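Examination of the molecular architecture
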Amino acid sequence: MSDDDKAGSGFAGRLRRALLIAVPYLWLGLFFLAPFVIVLKISLSDSVLAIPPYTPTFDPSRGWEGIAAMFRAFDFENYVWLSEDDLYWQAYLSSLRIAALSTLLTLLAGYPIAYAMSRAPERWRPILLMLVILPFWTSFLIRVYAWMGILGQNGYLNQFLIWLGLIDTPLVILGTPVAVYIGIVYAYLPFMVLPIFSSLDRLDRSLIEAALDLGCSRLQAFWLVTWPLSRPGIIAGCLLVFIPAVGEFVIPSLLGGSRTLMIGKVLWDEFFANRDWPLASAVAVVLLLILVLPILLFQRHAERQQRRAEE
Amino acid sequence: MDTAKAPPPTSDASAALPPWQDPAAEPLIRLENVTKRFGDFTAIADLSLDIHEGEFFALLGPSGCGKTTLMRMIAGFEAPSAGRILLGGEDLVPVPPNRRPVNMMFQSYALFPHLTVADNIAFGLKRAGLPRGEIAERVAEMLRLVQLENFAHRRPHEISGGQRQRVALARALARRPRILLLDEPLAALDRKLRAATQFELVDIQERLGTTFIIVTHDQEEAMTMASRIAVMDHGRLVQVGTPEEIYEQPNSRYVADFIGEVNLVEGVVTAAENGRLVIDWAEDAAPIVTRSDVAAPVGTRVTFAIRPEKITVGAEAPEGAANAWQGRIEDIGYLGNLSTYHIVGPAGRRFKVQSPNRRRVARREFSWEDRVWFAFDETAGLVLTE
Ligand SMILES: Nc1ncnc2c1ncn2[C@@H]1O[C@H](COP(=O)(O)OP(=O)(O)OP(=O)(O)O)[C@@H](O)[C@H]1O
Ligand SMILES: [Mg+2]
């Protein structure tokens, strides 16, 4: 009799199984759902000059009466405000655009890297993987600061280009969207490379040989076999880059200057400059909804495809 | 084993010579002193071989002897370290795999996991630029051939191992190449389906004139289907010949032992005259008397090989048999149509004897511990000097 069967029989077994299942749910509830509920609650509150800077606050000493009073004080004022001001919509749209384009650029840069890694001799691969992960060993903030030194008017890049004689006057890169793209591609490249590498690494080489054998050129074999079979890695990589890039704050504020409008910066300003926590929370909730929607749609699509394949 | 023997293609003078015996015949594929090394390991060692148009050529040999490597070189996935591969007289080595008129069925099947069974089969046809109608027709024909009509829309991970093997076979056959390389194409099929597919392969070959090169671990399969068999060992060809030659005239202990069952008796030649050898093999036992073309002077150590089915068992010594000894039945193996007797003969030597079951088991002539005579005539065995 296997352990599985034992766990399934009797009360103790059922309890143990329930506990096992409960642990991940507890984790999710504690660290994902609870913070979201708190943010949602703040977004329905009103801003005041106090600590904390919103009202109503949850007061357990007044019992049920207190909770009821709190719910009565909730309203959607902040969401209405959001939808009426153009600034927010433009910030959302601009963030999505920048995130989408930089995801594409990261894919274009990351795929060849992952491909080359998967084709490298077996004993080299751990070293190459290490190199991809290496940047994580220093602080994200410091690495973005380093790019300011590279991209600035007197930065290394301009000095290098002038030294090469390609340009006479320094290029203005820092403080433009171009710098933001460079920063995002640089910072998120490992998140693109690693899932693509893992799907390419699993790919059976004899499939490529079979494709060649059946009359494909190398390019056709790549397009008809390698590419579709690495699609799960591509999709995972794109989601891993796109989602954090939409809400990115550090890169646009350090490299993008005032001309780059992104929702992460707006959020920061509302929180810390205006101290309007309820409005900032509303911005965050809407951002979450904007991101959750495409993910859910994608999952539905993937499931439907899976089911169609099984028919 | 008798049933497994192919109709001898070299039978008599009626037909023209088979191409491999005709010195004027141009081979379809010629391997010239081909060597393949992986690092300092030699997988194929100085191998030369001609394969002719329309042949059904079987590669036989133990695991790791280089059969797959040989096929991969013909398909174009490995370049020989030395030597040349010619197709119709032209050097094949610089031609990339997709330009060779060769299709290979992979030992690992290598089915495309993201495509359905039908799309896997259609894959090569689409690359060949066939019109859609013809592709659909060809795919349907292939599905029928491998009996997978009902699985056309499944993915490879949704079918069984044997079904996958059939898809791989269908995919390789679909393009109707001049040369088909099949790496253990039928290993995972049940006996009945295997027999049917063997029949179909022979039929395809006769209809389309395809040249088959097939790796198999199943001797019976090689015997029934092949025009010629190559027995390999450690990257070398040990013997190349028709099934009949390989079975009846193995050139070495290795081949005799590898193909079918055989009794190998070591002894010393004590007399040699007029193509007749007398071999002493056990003290106090009559010597083996056999006809042989082998030049083995008196005193040579030789191995005498005799197939189990060439030995007869009887309650009394048969009259006029050149070789007959008495022994004790140690074990009986029942194989349905045949019985295998393990007989302990003179000097404790064990002999395997196979004879057809003419009666039901309950009324078998002999049983355990019976003392019997076993005998064979002068031409039944073979002398190997290697
Ligand atoms: N790419 C390779 N690198 C190193 N050694 C290899 C390589 N391919 C094959 N070999 C070696 O060459 C030898 C022959 O291999 P091959 O695959 O041709 O054997 P095979 O006769 O097909 O065996 P099997 O019957 O088990 O399929 C083996 O010892 C194998 O380890
Ligand atoms: Mg093999």
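Residues numbered from 1 in each chain as written. Chains lettered and ligands numbered in written order. Predicted model: local features only at pLDDT ≥ 70, side-chain atom pairs only at ≥ 80, totals over all residues. Heavy atoms only, no water.

A word on helix 12 (residues 231-246) of chain A. Since there are 3.6 residues in each turn of an α-helix, residues three or four apart along the chain are aligned in direction. Its 16 residues give helix 12 of chain A an end-to-end C-alpha distance of 22 Å, which sits within 8% of 22 Å, the value for a rise of 1.5 Å per residue. Taken together, the buried positions of helix 12 of chain A are A:Gly233, A:Ile234, A:Gly237, A:Val241, A:Phe242, A:Ala245 and A:Val246. (Helix = DSSP H or I, 4+ residues; strand = E, 2+ residues; numbered from the N terminus. Expected span 1.5 Å × (residues − 1). Buried < 20%, exposed > 50% of the residue type's maximum accessible area, 1.4 Å probe, protein only.)

Before going further, it helps to examine the interface of chain A and chain B. Residue-level contacts link 19 residues of chain A with 23 residues of chain B. For the interface between chain A and chain B, the tally reads one salt bridge. Between A:Glu209 and B:Arg72 there is a salt bridge, and its shortest N-O distance comes to 2.7 Å. Where chain A packs against chain B, one counts six residue pairs in polar contact (both at pLDDT 80 or more). Those elements giving two or more residues to the side of chain A that touches chain B turn out to be helix 10 (205-213), helix 11 (218-229) and helix 15 (277-310) of chain A. (Contact = heavy atoms within 4.5 Å. Salt bridge = Lys/Arg side-chain N within 4 Å of Asp/Glu carboxyl O. Polar contact = N/O pair within 3.5 Å; in protein donor to acceptor, adjacent residues only side chain to side chain.)

Residues and elements named next belong to chain A. Judged by side-chain polarity, Ile127, Met130, Leu131, Ile133, Leu134, Phe136, Trp137, Phe191 and Leu240 come together as a nonpolar surface patch covering roughly 850 Å² of accessible area. Sort the elements by how many residues they give to the nonpolar patch and helix 6 (residues 125-133) lands first, with four residues. Tracing the chain through its elements places tryptophan 137 in the loop between helix 6 and helix 7 (140-151). The class of tryptophan 137 is exposed, set by a relative accessible area of 59%. (Patch = residues over 30% accessible without salt bridge, like charges linked within 9 Å, V, L, I, M, F, W, Y side chains within 5 Å. Areas by Shrake-Rupley, 256 points an atom, 1.4 Å probe, with all protein chains shown as cover.)

All names here are of chain B. The coordination sphere of the magnesium ion (ligand 2) contains the protein donors Thr68 (OG1) and Gln107 (OE1), at a distance range of 1.9 to 2.4 Å. Taken as a pair, threonine 68 in helix 1 (residues 67-75) and glutamine 107 in the loop between strand 6 (102-105) and helix 2 (117-127) lie far apart in primary sequence, 39 residues in all. The class of threonine 68 is partly exposed, set by a relative accessible area of 24%. (Donors = N, O, S within 2.8 Å, 3.2 Å for Na, K, Ca; no water.)

Residues and elements named next belong to chain B. In the vicinity of ligand 1, 13 residues are found, and the nearest of them are Ser63, Gly64, Lys67, Thr68 and Thr69. Interatomic distance of 2.5 Å between a side-chain N/O atom of threonine 68 and an oxygen atom of ligand 1. Protein chains shield 62% of the accessible area of ligand 1, which is 640 Å² for the free molecule. Taken together, the elements giving at least two residues each to the shell around ligand 1 come down to strand 2 (41-51) and helix 1. Taken together, the residues of the shell around ligand 1 sort by class into four nonpolar, seven polar and two charged. (Near = heavy atom within 4 Å. Nonpolar A, V, L, I, M, F, W, Y, C, P; charged D, E, K, R; others polar.)

Residues and elements named next belong to chain B. Taken in spatial order, the four strands line up as 2-1-4-5 in an open sheet, and their pairing is antiparallel. Each having just a single partner strand, strand 2 and strand 5 (90-91) make up the two edges of the open sheet. Pairing geometry for strand 1 (residues 29-38) and strand 4 (residues 82-87), over five bridges, is antiparallel. Pairing of isoleucine 29 across the sheet is with leucine 87, part of strand 4. Packed on one face of the sheet, helix 1 meets strand 1, strand 2 and strand 4 and runs near 120 degrees to strand 1. (Pairing = 2+ DSSP bridges. Axes fitted to C-alpha atoms, helices over the stretch in contact; angles between N-to-C directions.)

Next up on the list: the domain arrangement of chain B. Residues and elements named next belong to chain B. Entries for chain B in the domain assignment read domain 1 (19-101 + 177-257) and domain 2 (261-384). Each of domain 1 and domain 2 was reduced to a C-alpha centroid, and the two centroids are 34 Å apart. If you look at the interface, domain 1 gives ten residues, while domain 2 gives nine residues. Approximately 860 Å² of surface area, both sides summed, lies buried where domain 1 meets domain 2, with 48% of it carried by carbon and sulfur atoms. Between the two partners, domain 1 and domain 2, sit two salt bridges. (Domains from an automatic or database assignment. Buried area = accessible area lost by both parts, 1.4 Å probe.)

Right, let's talk about the packing of aromatic side chains for a bit. Inspection of every chain in the model, using the stated rule, returns 30 aromatic pairs over all chains. With centroids separated by 6.4 Å and ring planes inclined at 55 degrees, the aromatic side chains of A:Phe222 and A:Trp227 adopt a geometry described as tilted. Owing to a relative accessible area of 23%, A:Phe222 belongs among the partly exposed residues under this scheme. A:Trp227 sits in the partly exposed class, given a relative accessible area of 22%. Taken together, a centroid distance of 5.6 Å and an interplanar angle of 20 degrees make the contact between B:Phe304 and B:Phe376 stacked. Within this pair, whereas B:Phe304 is found in strand 14 (residues 301-306), its partner B:Phe376 is found in strand 19 (residues 371-376), the two being separated by 72 residues in sequence. (Phe/Tyr/Trp six-rings, centres within 6.5 Å; stacked < 30°, edge-to-face > 60°.)

Membership of the largest hydrophobic core comes to 49 residues, with the highest contact counts inside it found for A:Leu82, A:Tyr88, A:Tyr92, A:Ile184, A:Ile196, A:Ile251 and A:Ile263. Only helix 4 (77-84), helix 5 (86-119), helix 7, helix 9 (177-202), helix 12, helix 13 (250-255), helix 14 (263-273) and helix 15 of chain A provide two or more residues apiece to this core. Not counting residues within four places of it along the chain, the set of residues in contact with A:Tyr92 comprises A:Leu82, A:Ile263, A:Ala282, A:Val283, A:Val286, A:Leu287 and A:Ile290. B:Met105, B:Leu189, B:Ile214 and B:Ile259 belong to the second largest nonpolar core, which has 47 residues in total. (Core = buried A, V, L, I, M, F, W, Y, C linked by side-chain atoms within 4.5 Å.)

This paragraph deals with the pattern of salt bridges. Under the counting rule described, the total for this entry stands at 24 salt bridges over all chains. Here B:Glu78 and B:Arg72 are joined by a salt bridge, their closest N and O atoms 3.3 Å apart. We classify B:Arg72 as buried; its relative accessible area is 16%. B:Arg276 is paired through a salt bridge with B:Glu378; the nearest N and O atoms lie 2.8 Å apart. Of the two residues, B:Arg276 is situated in strand 12 (residues 276-280) and B:Glu378 in the loop between strand 19 and strand 20 (382-384); the sequence distance between them amounts to 102 residues. With relative accessibility at 17%, the residue B:Glu378 sits in the buried group. Here the residues in one salt-bridge network are A:Glu209, B:Lys36, B:Arg72 and B:Glu78, joined through shared partners.

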